[in-house]
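Each chain is listed here by its residues.
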Amino acid sequence: MKIFSAAQIYKADKLTIKNQQISSEALMERAATGLFQWLHERLRGTSVKIHLFCGIGNNGGDGIALARHLHEHGYNVHVHVVNYSEKRSKDFLINLERLKDRKIWPDFLSEKSTLPKIHESDIVIDAIFGIGLNREPEGWVAHLIKHINSSGAFTLSVDVPSGLYSDRVPENLEAVVESNYVLTIQAPKLSFFLPQTGIFVNQWEIVDIGLDPQYLEETETDYQFITKSDIVPLYIPREKFAHKGSFGHSVIMGGSYGKIGAVVLSTKASLNIGSGLVTAYIPECGYGVLQTAVPEAMVVTDDGDDHVKKIKIPFEPTVIGLGMGLGTETGTVHAISEFLEKNKTPLVIDADGINILAKQPGLLKKLPPQTILTPHEGELKRLLGTWKDDFDKLKKTMAFSKEHDCIVVVKGAHTIVIYNGKGYINSTGNPGIATAGSGDVLTGTLTGLLSQGYPALHAAIFGVFIHGLAGDIEASQKGYEAVTASSIINNIGNAFMALFSTKQEEEAPSGD
Ligand SMILES: NC(=O)C1=CN([C@@H]2O[C@H](COP(=O)(O)OP(=O)(O)OC[C@H]3O[C@@H](n4cnc5c(N)ncnc54)[C@H](O)[C@@H]3O)[C@@H](O)[C@H]2O)[C@@H](O)CC1
Ligand SMILES: Nc1ncnc2c1ncn2[C@@H]1O[C@H](COP(=O)(O)OP(=O)(O)O)[C@@H](O)[C@H]1O
Ligand SMILES: [K+]
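Residues numbered from 1 in each chain as written. Chains lettered and ligands numbered in written order. Predicted model: local features only at pLDDT ≥ 70, side-chain atom pairs only at ≥ 80, totals over all residues.

Right, let's talk about the overall build of the chain for a bit. Secondary structure assignment for the chain yields 18 helices and 19 strands. Taken against the 2.2 N^0.38 rule, which gives 24 Å for 512 residues, the C-alpha radius of gyration of the chain at 26 Å falls within 12% of a compact globule. Taken over the C-alpha atoms alone, the chain extends approximately 85 × 45 × 45 Å along its principal axes. When burial is assessed residue by residue, the chain has 50% of its 512 residues classed as buried. Across the chain, the fraction of contacts at a sequence separation of at least 24, relative to all contacts at a separation of at least 6, is 74%. (Helix = DSSP H or I, 4+ residues; strand = E, 2+ residues; numbered from the N terminus. Rg over C-alpha atoms; globule rule 2.2 N^0.38 Å. Buried ≥ 20, exposed ≤ 12 C-beta atoms within 10 Å, placed from the backbone. Contact = placed C-beta atoms within 7 Å.)

This is the structure we're talking about:
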């Protein structure tokens, strides 16, 4: 699913109006009808008090038109116009007149107004600002937003939570509506997915207003929200006459005294995602552990007893996943540097592997093309230095990925795969996955996919999705707290099944 910029959405609006020969006001009516249907299906005519806070632009226009539909169906509506400017949009005014024609008189809020009482059991519709927000809301509007936030009422935002930009961090985080639900027009916005701004969006869903399909289809976007329908086509079916040699030989390289479990997890994940053969490359101390914990895997031990110190792989692997539990002992750093100087095998690098690259940035030049790096935020900071905010982080990661021709998997609640100037935002996963070792599972998963011949970018996008989905399946049965890295591995198979299950509900264009 594409994530369009505000400028692209405005362009789509214009083209739609031209190509479908409709008025902008008719387009607003489509939005309002979609919003109304969503609400009506859930409220079914209850007498709950609905406060609609409407700005004076087109976002406010959506809200005013929605108020009319709600009123016509007997709902108890209270319309408040947030009069933050005299520049009222044409379509806002048309809809305001229609409301007045029906004898609904909004109250007009300005700097001096007393704020309306909002009871916890009321519903708030937030249509103050949409994607037209171009500066911080002024004091009294910010105060109103705080008033809405502190009411405890269920808050539904139209298009975006008011005060949230689609592509930058608000100056004043207290002047943003904390939405319970966002009904976003046509496509989700980038800010929904980043930690600093996504906190204002609890759940979201799309209201499709039928914008010009050709424009939406042909327009390239910097970011995509990756859902099941993007993932299924990436799958490489296993052929009937395939043998284990068809699915490659993964090496999982890492571990040190006390951190052999990390290699166990990656090794198991690589097997479970379908790697043909897997060899763990570990320091001597982990030999017994590995052979016992993963009988399917082979083991090659390093000369080092409790950490890796001289890498010798006695065969040609298809791919190497390295870094989990490796440590950064001087001997290990030296061994990894020496290894990377000569290595031509495709790589997935995680954890201490990334920390070693950060210590010795010269090694970045030695990485094979399209090496996959899987940093969490701390590791990414070591690689890139600091950033101003989440949007700057993405920009810097894109530049880094271009400079070194590597795929960067920026891990988080919405993991984002960055490559070639584009960002692929994952839709699966839950806070239960924030647990020890889940990153090791991801590294093994990506390694196992590369081993089977998935192109590197596909492996990253597909693997991140499956990893999150496996965690979702586990959480749906056990709750968030009980999700463990091992349980994610055990659900990889179920995640594949879910991907192809025809019993699954049709994919809804929504997220949380
Ligand atoms: N044809 C269309 O353009 C459609 C637009 N739609 C709605 O229109 C919204 C965008 O509408 P607008 O472009 O009118 O913009 P908004 O309604 O988001 O904002 C209104 C205007 O306020 C001004 N403004 C921005 N920041 C301000 C601030 N901090 N203080 C005071 N004034 C400020 C800007 O001039 C802006 O255009 C979308 O989010 C969506 O809800 C929908 O009705 C669907 C169709
Ligand atoms: N709040 C969250 N929601 C969903 N997934 C999360 C969340 N927090 C972390 N994750 C995922 O958990 C994994 C953590 O990886 P990492 O930090 O390397 O853990 P570890 O080092 O313990 O293996 C990543 O895949 C990340 O995307
Ligand atoms: K809004």
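Taken domain by domain, the chain holds domain 1 (2-214) and domain 2 (231-503). Put simply, the middle of domain 1 and the middle of domain 2, counted by C-alpha atoms, are 42 Å apart. Contact residues are listed per partner, giving eight residues for domain 1 and seven residues for domain 2. Tallied by class, residues from the side of domain 1 that touches domain 2 come to four nonpolar, two polar and two charged. (Domains from an automatic or database assignment. Nonpolar A, V, L, I, M, F, W, Y, C, P; charged D, E, K, R; others polar.)

This part takes up the environment of Leu 27. When you line up the elements, Leu 27 lands in helix H2 (residues 24-43). Residues Leu 27 and His 249 lie 222 residues apart in sequence; the distance between their C-alpha atoms is 55 Å. Every residue in contact with Leu 27, bar those within four places of it in the chain, is listed here: Asp 13, Thr 16, Ile 17, Ile 22 and Ile 209.

This next bit is on the packing of H2 against helix H4 (residues 90-101). Between two packed helices, what matters for the description is the angle formed by their axes and the separation of those axes. The interhelical angle for the contact between H2 and H4, taken along N-to-C directions, is 65°, at an axis separation of 9 Å. Between H2 and H4, the angle is such that the two are roughly perpendicular. Note on packing geometry: the crossing formed by H2 with H4 is right-handed. From H2, Ser 24, Glu 25 and Met 28 reach across to H4, where they touch Asp 91, Ile 94 and Asn 95. Tallied by class, residues from the contact of H2 with H4 come to two nonpolar, two polar and two charged. (Axes fitted to C-alpha atoms, helices over the stretch in contact; angles between N-to-C directions. Parallel < 35°, antiparallel > 145°, perpendicular 65-115°, else oblique. Left-handed = near helix turned anticlockwise from the far one by under 90°.)

A few words now on unusual backbone geometry. Notably, Gln 186 is not glycine yet its phi reads approximately 65°, a positive angle. With 22 C-beta atoms packed within 10 Å, Gln 186 lands in the buried category. A positive phi angle is found at Asn 420, which is not glycine, with a value near 50°. Looking at where Asn 420 falls in the secondary structure, it is placed in the loop between strand E17 (416-419) and strand E18 (422-426).

In this section: the nonpolar core. Counting 149 residues, the largest nonpolar core has Leu 52, Ile 125, Val 417 and Ala 460 as the members making the most contacts within it. The biggest single contributor to this core is helix H16 (residues 456-478), with twelve residues. Both of domain 1 (2-214) and domain 2 (231-503) provide at least three residues apiece to this core. Contact partners of Ala 460, with chain neighbours within four places excluded, come to Ile 372, Ile 407, Val 409, Val 417 and Leu 446. (Core = buried A, V, L, I, M, F, W, Y, C linked by C-beta atoms within 7 Å.)

With mixed pairing, eleven strands are arranged side by side in an open sheet as E1-E9-E18-E17-E16-E15-E14-E13-E10-E11-E12. Edge positions in the sheet fall to strand E1 (2-3) and strand E12 (298-301), since each of these pairs with one other strand and no more. Across four bridges, strand E10 (residues 249-253) lies against strand E13 (residues 319-322) in parallel orientation. Following the sheet pairing, Met 253 is matched in E13 by Leu 322. Helix H9 (residues 261-272) contacts E10, strand E11 (277-282) and E13 of the sheet and is inclined by roughly 170° relative to E11. Here helix H14 (residues 390-404) sits on the sheet and contacts strand E16 (406-410), E17 and E18; the angle it forms with E16, its principal contact strand, is near 155°. (Pairing = 2+ DSSP bridges.)

Around ligand 2 sit 17 residues, and of these His 376, Lys 411, Gly 429, Ala 434 and Gly 439 come closest. Top contributing element to the shell around ligand 2 by residue count: helix H15 (residues 438-451), with four residues. (Near = placed C-beta within 6 Å.)

End to end, H16 covers 33 Å across 23 residues, agreeing with the expected 33 Å (1.5 Å per residue, within 8%). Of the residues trailing H16, Gly 479 is marked for its positive phi of about 90°. (Expected span 1.5 Å × (residues − 1).)

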